[in-house]
Amino acid sequence: KTLSGRLSIESKLLDVNELMASVSSEEEQSTEQPAEQSAEEAMSVIEVPKNLNLTLDCNLTKVLYDKMVLENFAGTASVKDGVLSLDNLGMNMFDGKAKADAAYSTANADNPRLRLDANFSQASFKKTAQELELVEKLVPLFEQISGNYTMSLKCDMSLDNRMSPVLKSVNGSGKITSGNFSLSDVPALNMLSKLVGNGVDLNKIDASELTVIRFVIENGNVITKPFDIKLGKAKLTMSGLTGLDQSIDYNVAVALPQMTLHGKIGGTFSKPKVSLDTAKSVEAALEKAGIDKEKKKKKVEQK
């Protein structure tokens, strides 16, 4: 029958990796596995029992999950109908703080799913990439960025037998805000800098003004809406898509005092292909000249 109740859980250390390994080991002992099957292939998801109806008040000093280290983890969890729901969670992670609501469901054991609604504050770009596999694969550029960010993120995904996200199943949306970050030695920006010329150096970006990046995730592809980065007297505007295979397809514009240059960045992060759209750049220059001319005309008429 269904077991109902409320539990209070406190621990100085919860090692989820150890728990998963233990579950896999028990299943291996109870089921005959082919001799050639690897340990990774033998792993399976942790199934949430359907005969539990529990509320858990959690207060955990440290939690280890995959590469992540979560500290001061506190919140309420509930287990019901094969779903583990996590509400009003607060924790320290990625050298910053996070608040989250989440749900892990094995109602369909063949397709475990994870839903996440989280807010991160003053988290480290590099630490996030190092500890979170999803970010490492979808946004590898994070590992090259020095500085902190604030982010809101909502997403839904399937998990594989290692409890890792199935990338093509990830869908969601979010916003990243940062007022202090630096980025250098990015091949695509280095190539763009050489094409633009005019003394504009994009090989090293030191952003001291607020930068807001809005994005959506569709079937594992990250679609970034237009965002601006100010670089002295120049302004860099980018938007585009990062694919599951880490391919990139971005539109870029570099606004200079004299004119705005438009271009495309394709290929991959490690082997980019950069080109300038001369026709679009000339069109933008003519349009700007027309607008400036119209403004001067209106000023004269007003006088």
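Note that the structure is a prediction, hence the values are computed from the model and not measured.

Rules behind the numbers
Residues numbered from 1 in each chain as written. Predicted model: local features only at pLDDT ≥ 70, side-chain atom pairs only at ≥ 80, totals over all residues. Heavy atoms only, no water. Helix = DSSP H or I, 4+ residues; strand = E, 2+ residues; numbered from the N terminus. Areas by Shrake-Rupley, 256 points an atom, 1.4 Å probe, with all protein chains shown as cover. Buried < 20%, exposed > 50% of the residue type's maximum accessible area, 1.4 Å probe, protein only. Contact = heavy atoms within 4.5 Å. Arc of directions from axis to C-beta. pLDDT = per-residue confidence, 0-100. Salt bridge = Lys/Arg side-chain N within 4 Å of Asp/Glu carboxyl O. Pairing = 2+ DSSP bridges. Polar contact = N/O pair within 3.5 Å; in protein donor to acceptor, adjacent residues only side chain to side chain. Phe/Tyr/Trp six-rings, centres within 6.5 Å; stacked < 30°, edge-to-face > 60°. Core = buried A, V, L, I, M, F, W, Y, C linked by side-chain atoms within 4.5 Å.

1. Here's the deal with the overall build of the protein
- Helices and strands together make up the secondary structure of the protein, namely six helices and 17 strands.
- Taken as a whole, the protein presents about 17,500 Å² of accessible surface, with 51% of it coming from carbon and sulfur.

2. Concerning the side chain of serine 178
- Along the chain, serine 178 turns up in strand 9 (residues 171-178).
- Given a relative accessible area of 3%, serine 178 falls into the buried group.
- Not counting chain neighbours up to four residues away, the residues in contact with serine 178 comprise Phe125, Asn148, Tyr149, Glu209, Leu210 and Thr211.

3. Focus: helix 5 (residues 187-196)
- Taken together, the buried positions of helix 5 are Ala188, Leu189, Leu192, Ser193 and Val196. All buried residues of helix 5 fall inside an arc of 135° around its axis, so they share one side.
- At its buried positions, helix 5 is contacted by strand 10 (181-184), strand 11 (204-207), strand 14 (234-242), strand 15 (248-255), strand 16 (260-267) and strand 17 (272-276).
- One or two steps after helix 5, the chain reaches glycine 197, where phi turns positive at roughly 65°.

4. Focus on the confidence of the model for the protein
- This prediction gives the protein a mean pLDDT of 84; 85% of its residues lie at or above 70.
- Here helix 2 (residues 39-42) is the element of the protein with the lowest mean pLDDT, 47, and strand 6 (residues 96-105) is the one with the highest, 96.
- Taken as a whole, residues 36-42 scores under 50 in pLDDT and shows six contacts with residues more than four places along the chain or in a different chain.

5. Details of the pattern of salt bridges
- Going through the model one piece at a time under the given rule, you end up with four salt bridges.
- Between arginine 6 and aspartate 57 there is a salt bridge whose closest N-O contact spans 3.0 Å. Of this pair, arginine 6 sits in strand 1 (residues 3-11) while aspartate 57 sits in strand 3 (residues 52-65); the two residues are 51 residues apart in sequence, bridging distant segments of the chain.

6. Some details on the pairing of strand 3
- Relative to strand 3, strand 1 runs parallel, the two being bridged by nine bridges. By the bridge assignment, glutamate 10 is partnered in strand 3 with asparagine 59.
- Relative to strand 3, strand 2 (residues 14-15) is paired through two bridges, and the arrangement is parallel. Paired with aspartate 15 across the bridge in strand 3 is leucine 64.
- For strand 3 and strand 4 (residues 68-80), the ladder comprises 12 bridges, and the chain directions are antiparallel. Residue pairing in the sheet places leucine 56 in a bridge with alanine 77 of strand 4.
- In textbook terms, the turn of a hairpin is the stretch between consecutive antiparallel strands, and for strand 3 and strand 4 this stretch comprises two residues, one of which, aspartate 66, has a positive phi near 55°.

7. Section: the side chain of threonine 128
- In this fold, threonine 128 is placed in helix 3 (residues 125-131).
- A distance of 2.7 Å separates the side chain of threonine 128 from the backbone oxygen of serine 124, its partner in a polar contact.
- With residues up to four places along the chain from it excluded, the contact list for threonine 128 reads Phe94, Ala123, Val135, Phe142 and Tyr149.

8. Examining the packing of aromatic side chains
- Following the criterion strictly, the structure yields five aromatic pairs and no others.
- Centre to centre, the rings of phenylalanine 125 and tyrosine 149 are 4.9 Å apart; their planes meet at 45°, and the pair counts as tilted. Linking phenylalanine 125 in helix 3 with tyrosine 149 in strand 8 (residues 145-158), this pair joins segments that are 24 residues apart in sequence. Per residue, the accessibility class of phenylalanine 125 equals that of tyrosine 149, and both read buried.
- Feature note: the residues Phe125, Phe142, Tyr149 and Phe181 constitute an aromatic cluster, connected by ring pairs.

9. Some words on the pairing of strand 16
- Relative to strand 16, strand 15 runs antiparallel, the two sharing six bridges. Counted as the bridge partner of asparagine 251 is lysine 264 from strand 16.
- Counting the residues that bridge the hairpin from strand 15 to strand 16 gives four residues.
- The pairing of strand 16 with strand 17 spans five bridges and is classified as antiparallel. Along strand 17, the bridge assignment pairs lysine 264 with serine 275.
- Connecting the antiparallel pair strand 16 and strand 17 is a turn made up of four residues.

10. Some thoughts on the nonpolar core
- Of all hydrophobic cores here, the largest spans 71 residues; its most connected members are Phe120, Tyr149, Leu192 and Leu236.
- Apart from residues lying up to four places away in sequence, leucine 192 is in contact with Leu202, Leu236, Val252, Val254, Val274 and Leu276.

11. Section: the environment of leucine 244
- Mapped onto the elements of the fold, leucine 244 is located in the loop between strand 14 and strand 15.
- Taking the C-alpha atoms as reference points, leucine 244 and valine 222, 22 residues apart in sequence, are found 8.4 Å from one another.
- In this structure, leucine 244 is in contact with Leu138, Leu167, Lys168, Asn219, Gly220 and Asn221, ignoring residues within four places of it in sequence.

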